[in-house]
Amino acid sequence: MIGLHYVCAFVPSKEAGQSDAPLRCRIRWDSSRSIVSLNVGYRVNPERWDPKAQRCSVNSFHGRRRVPAAVINREIERFADAVGVVFGRFAKADHWPSVPEVRSGVRVELGIDEPRVVSVPVAFDEFIRDGIARLSWGDATPVKFAALRHHLDVWDPAVGWESFNTAGLTDFVVSLR
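Residues numbered from 1 in each chain as written. Predicted model: local features only at pLDDT ≥ 70, side-chain atom pairs only at ≥ 80, totals over all residues. Heavy atoms only, no water.

1. Re the overall build of the chain
Move 1: Of the regular secondary structure elements, the chain holds five helices and seven strands.
Move 2: In terms of overall size, the chain is more extended than a compact globule, its C-alpha atoms giving a radius of gyration of 23 Å where 177 residues would be expected to give roughly 16 Å.
Move 3: Each of the three principal axes of the chain carries a C-alpha extent, and together these read 70 × 40 × 25 Å.
Move 4: When each of the 177 residues of the chain is scored for burial, the buried share is 31%.
Move 5: Contacts spanning at least 24 positions in sequence make up 44% of the contacts within the chain whose residues lie at least 6 apart.
Move 6: When the accessible area of the chain is evaluated, it comes to approximately 11,400 Å², of which 55% is carbon and sulfur surface.
Move 7: Within the chain, one finds 24 positive and 21 negative side-chain charges whose respective centroids are separated by 8 Å. (Helix = DSSP H or I, 4+ residues; strand = E, 2+ residues; numbered from the N terminus. Rg over C-alpha atoms; globule rule 2.2 N^0.38 Å. Buried < 20%, exposed > 50% of the residue type's maximum accessible area, 1.4 Å probe, protein only. Contact = heavy atoms within 4.5 Å. Areas by Shrake-Rupley, 256 points an atom, 1.4 Å probe, with all protein chains shown as cover. Lys, Arg positive; Asp, Glu negative; His and termini not counted. Charge placed at Lys NZ, Arg CZ, Asp CG, Glu CD.)

Structure follows, in structure tokens:
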């Protein structure tokens, strides 16, 4: 196991003419010769940023969408944990990483680069749960979608995404008659 030393810093990248700045995660290793910069996905107000703690000030809001500091700080923790896991893997494998390896490793650990493949029934169920939770559907709407799900199961019990083309949808409509 090699002693792989890295520094993970979170810094707002100030842009001219903007009151807020995009938050970046900068990872340095290999005696500062190798640097990876990743966008955290939030904009922060530099006046409400604590550079020593590398966190947003408590009870503050940031960006045009007024994102709470707790949400941004939680994302910072998630990034820091992902970087630690990736460098732990490299150290355990006695491998000195390159810039693309670190970038892709962190993105995979965060779930950014992993395409999630789900079946049609699972996606349909997630859609219904999400609609009930976020869109405040009434009692009748989930029942209607459950009926549609039943019709899909009757039409093709092993329905896949490839079934949703012009010919497949025409066949589905014909089966409803």
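2. Describing a nonpolar patch on the surface
Move 1: A surface patch of nonpolar side chains, amounting to about 300 Å² of accessible area, comprises Trp 161, Phe 164 and Leu 169.
Move 2: When you line up the elements, Phe 164 lands in the loop between helix H4 (140–155) and helix H5 (166–175).
Move 3: Using a relative accessible area of 33% as the deciding quantity, one classes Phe 164 as partly exposed. (Patch = residues over 30% accessible without salt bridge, like charges linked within 9 Å, V, L, I, M, F, W, Y side chains within 5 Å. Salt bridge = Lys/Arg side-chain N within 4 Å of Asp/Glu carboxyl O.)

3. Section: the pattern of salt bridges
Move 1: For the structure shown, the criterion picks out seven salt bridges.
Move 2: One salt bridge connects Glu 15 with Arg 43, and the closest N-O pair in it is separated by 3.0 Å. Of this pair, Glu 15 sits in the loop between strand S1 (6–12) and strand S2 (21–29) while Arg 43 is found in strand S3 (residues 34–44), placing the two residues 28 residues apart along the sequence.
Move 3: For Arg 43, a relative accessible area of 23% corresponds to the partly exposed category.
Move 4: The salt bridge partner of Arg 55 is Glu 77, with a shortest N-O separation of 2.4 Å.

4. Points about the environment of Pro 12
Move 1: With respect to the helices, strands and loops of the structure, Pro 12 is situated in strand S1.
Move 2: When its relative accessible area of 24% is taken as the criterion, Pro 12 is described as partly exposed.
Move 3: Sequence separation between Pro 12 and Glu 77 is 65 residues, and the spatial gap between their C-alpha atoms is 16 Å.
Move 4: Setting aside its immediate chain neighbours within four residues, Pro 12 contacts Ala 21, Pro 22, Leu 23, Val 44 and Trp 49.

5. Comments concerning the packing of aromatic side chains
Remark: the centre distance and the inter-plane angle together describe each pair of aromatic rings, the angle taken between the planes.
Move 1: All told, the structure shown has ten aromatic pairs when counted by the stated rule.
Move 2: Aromatic pair Tyr 6 and Phe 87: ring centres 4.4 Å apart, planes at 10°, arrangement stacked. Placement of Tyr 6 in strand S1 and of Phe 87 in helix H1 (residues 69–92) is noted, with a sequence separation of 81 residues between them.
Move 3: A relative accessible area of 2% places Phe 87 in the buried class.
Move 4: An aromatic cluster is present here, built from Tyr 6, Trp 29, Phe 87 and Phe 90 joined pairwise through their rings. (Phe/Tyr/Trp six-rings, centres within 6.5 Å; stacked < 30°, edge-to-face > 60°.)

6. A short note on the nonpolar core
Move 1: In terms of nonpolar packing, the biggest core is built from 26 residues, with Phe 10, Leu 23, Cys 25, Ile 27, Val 102 and Val 106 touching the most fellow members.
Move 2: Secondary-structure elements contributing two or more residues to this core are S2, S3, H1 and helix H2 (99–110).
Move 3: The biggest single contributor to this core is H1, with ten residues.
Move 4: Residues within four places of Leu 23 in sequence aside, it is in contact with Phe 10, Val 11, Pro 12, Leu 38, Asn 39, Val 40, Gly 41, Tyr 42, Val 44, Trp 49, Ile 72 and Ile 76. (Core = buried A, V, L, I, M, F, W, Y, C linked by side-chain atoms within 4.5 Å.)

7. Looking at the packing of H4 against H5
Move 1: At their nearest, the axes of H4 and H5 sit 10 Å apart, and the two run at 105° to each other. In terms of orientation, H4 and H5 fall into the roughly perpendicular class. Along the contact surface, H4 presents Leu 148, His 151, Leu 152 and Trp 155, while H5 presents Gly 168, Asp 171, Phe 172 and Ser 175.
Move 2: A breakdown of the residues in the contact of H4 with H5 according to their chemical character gives four nonpolar, three polar and one charged. (Axes fitted to C-alpha atoms, helices over the stretch in contact; angles between N-to-C directions. Parallel < 35°, antiparallel > 145°, perpendicular 65-115°, else oblique. Nonpolar A, V, L, I, M, F, W, Y, C, P; charged D, E, K, R; others polar.)

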